[in-house]
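Examining the three-dimensional arrangement
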Amino acid sequence: MSIPDWLQQTTLFTADPQIFLMAALAALCIGLSKSGLSGTATLNVVLMAQAFGAKASVGLVLPLLIVADFMGFYLNRHGGSWRRVLPMAPPAIAGVIAGYFLLGEIDNASARTVIGWLIIGLLAFKLLLDASKGALEILTGHPVFSWAMGLCAGITTMLANAAGPVMTVYLLSQKLEKKEHLGVFSRFFLFINLFKVPFSADLGIIHPRSLMTNLVLLPGVVLGIVLGWQILKRIPQKPFEWTLFVLTLVAAVWLIQG
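Residues numbered from 1 in each chain as written. Predicted model: local features only at pLDDT ≥ 70, side-chain atom pairs only at ≥ 80, totals over all residues. Heavy atoms only, no water.

In the annotation of an unreviewed UniProt entry, the protein chain is listed under the name Probable membrane transporter protein and assigned to Prosthecobacter algae. As stated in UniProt under Subcellular location (unreviewed entry), the record for the protein chain gives "Cell membrane". One UniProt comment on the protein chain, placed under Sequence similarities (unreviewed entry), says "Belongs to the 4-toluene sulfonate uptake permease (TSUP) (TC 2.A.102) family." (UniProt positions renumbered as here; feature names shortened; annotations may be inferred.)

See the structure below:
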């Protein structure tokens, strides 16, 4: 497989076909995550960081996420409400601003390390959630919990587009029905990802060549959403999520080691 010259000149793809394959798989993972297979979200972060570099990948992934968020919002528009997004919005905005300054100060090698450890931390947080749901539920009624979750979501989404696990923890703690959970989830990320656009553009990680790369990868996102619906119908989600957990952990260690 060879990458055409015109594609190399107009996008971020190089002559290395491995980069194209990793990016295509990452785009598929974005679609899968928005269809309901949330475990694929962190895997796409690692794949994109390996393919294009940690900082560049943050800006590259964002437009793809926004397209998927619009699709998710449309599909889940009858569930949830914007009212449930409000408690998380102010701290999430503060977190995005903090993440913007952090991302602007660190170099690509440091960003790889930060994103790798961030993903490992989120995976550990998932294990904690699974092991002690009852203990976490005691904290959920306090405003400090909403602010802490919102701030963490804002920082992680700006640094690595990896706030999915944080938001999942928050929404699970609210004991929402599945339809409402998906509706609030899609609304929050549509709002926060649109809010991030000017910050990412100012950092120079969204530009004409990155947008052309998005255009090439967009069919993979759509395919991932369609495929995700089919997978959820046929394969138990729990084994699938644990397989992705292990793959993401290995990939995060790979990212840290460079």
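Focus: the UniProt feature "transmembrane region" (unreviewed entry) in the protein chain
The positions that UniProt labels "transmembrane region" (unreviewed entry) are, in the present scheme, residues 20–46, 81–102, 114–132, 144–172, 184–206, 212–232 and 239–256. Span residues 81–102 is 64% helix and 0% strand, its end C-alpha atoms 32 Å apart. Secondary structure over residues 184–206 splits into 83% helix and 0% strand, and the C-alpha atoms at its two ends are 27 Å apart. (Helix = DSSP H or I, 4+ residues; strand = E, 2+ residues; numbered from the N terminus.)

Quick notes on helix α4 (residues 54–75)
With 22 residues, α4 should reach 32 Å at 1.5 Å per residue; the first-to-last C-alpha distance of 31 Å fits that figure. The sharpest bend along α4 reaches about 25 degrees and sits at Leu-62, with the proline Pro-63 one to four residues further on. (Expected span 1.5 Å × (residues − 1). Bend = angle between axes of the 7 residues up to and from the residue.)

Considerations on the pattern of salt bridges
Counted according to the given criterion, the structure contains 2 salt bridges. The closest approach of N and O atoms between Lys-34 and Asp-69, which form a salt bridge, is 2.5 Å. Here Asp-69 lies in helix α4 and Lys-34 lies in helix α2 (residues 17–35), a separation of 35 residues in the sequence. Residue classification places Lys-34 among the partly exposed positions, given a relative accessible area of 22%. (Salt bridge = Lys/Arg side-chain N within 4 Å of Asp/Glu carboxyl O. Buried < 20%, exposed > 50% of the residue type's maximum accessible area, 1.4 Å probe, protein only.)

A word on the nonpolar core
Among the nonpolar cores identified, the biggest contains 64 residues, and Phe-13, Met-48, Phe-52, Ile-115, Met-167 and Phe-188 are the most heavily contacted of them. For this core, the element with the most residues is helix α3 (residues 40–52), which contributes 8 residues. Contacts of Phe-188, omitting those with residues within four sequence positions, involve Val-85, Met-88, Ala-92, Ala-153 and Met-167. (Core = buried A, V, L, I, M, F, W, Y, C linked by side-chain atoms within 4.5 Å. Contact = heavy atoms within 4.5 Å.)

Quick word on the environment of Phe-70
Here Phe-70 is to be found in helix α4. Distance in space between the C-alpha atoms of Phe-70 and Leu-171 is 20 Å, their sequence separation being 101 residues. Beyond its immediate chain neighbours, meaning those up to four positions away, Phe-70 contacts Leu-190 and Leu-194.

A few points about the packing of helix α8 (residues 143–160) against helix α10 (residues 178–202)
Direction vectors running N to C along α8 and α10 enclose 55 degrees, while the axes themselves pass 11 Å from each other. Between α8 and α10, the crossing angle belongs to the class labelled oblique. In the crossing of α8 with α10, the sense of the turn from one axis to the other is right-handed. Contacts between α8 and α10 pair Ala-153, Thr-157 and Met-158 from the former with Phe-188, Ile-192, Asn-193, Lys-196, Phe-199 and Ser-200 from the latter. (Axes fitted to C-alpha atoms, helices over the stretch in contact; angles between N-to-C directions. Parallel < 35°, antiparallel > 145°, perpendicular 65-115°, else oblique. Left-handed = near helix turned anticlockwise from the far one by under 90°.)

Details of the packing of aromatic side chains
This structure, assessed with the given rule, holds 9 aromatic pairs. Consider the rings of Phe-13 and Phe-20, whose centres lie 5.0 Å apart with planes at 55 degrees: the pair is tilted. Taken together, a centroid distance of 5.9 Å and an interplanar angle of 55 degrees make the contact between Phe-13 and Phe-52 tilted. Highlighted residues: Phe-13 in the loop between α1 (5–10) and α2 and Phe-52 in helix α3, separated in sequence by 39 residues. Put simply, the rings of Tyr-100, Phe-101, Phe-191, Phe-195 and Phe-199 touch in pairs and so form one group of aromatic residues. (Phe/Tyr/Trp six-rings, centres within 6.5 Å; stacked < 30°, edge-to-face > 60°.)

What about α2?
Here α2 contains 19 residues, and its C-alpha end-to-end distance of 27 Å stays within 8% of the 27 Å for a straight helix at 1.5 Å per residue. Along α2, the residues classified as buried are Ile-19, Met-22, Ala-23, Ala-26, Ala-27, Leu-28, Cys-29, Ile-30, Gly-31, Leu-32, Ser-33 and Ser-35. Where α2 begins, the side chain of Asp-16 points an oxygen toward the backbone nitrogen of Gln-18, at a separation of 2.9 Å. Of the residues one or two after α2, Gly-36 is the one with positive phi, at around 130 degrees. (Polar contact = N/O pair within 3.5 Å; in protein donor to acceptor, adjacent residues only side chain to side chain.)

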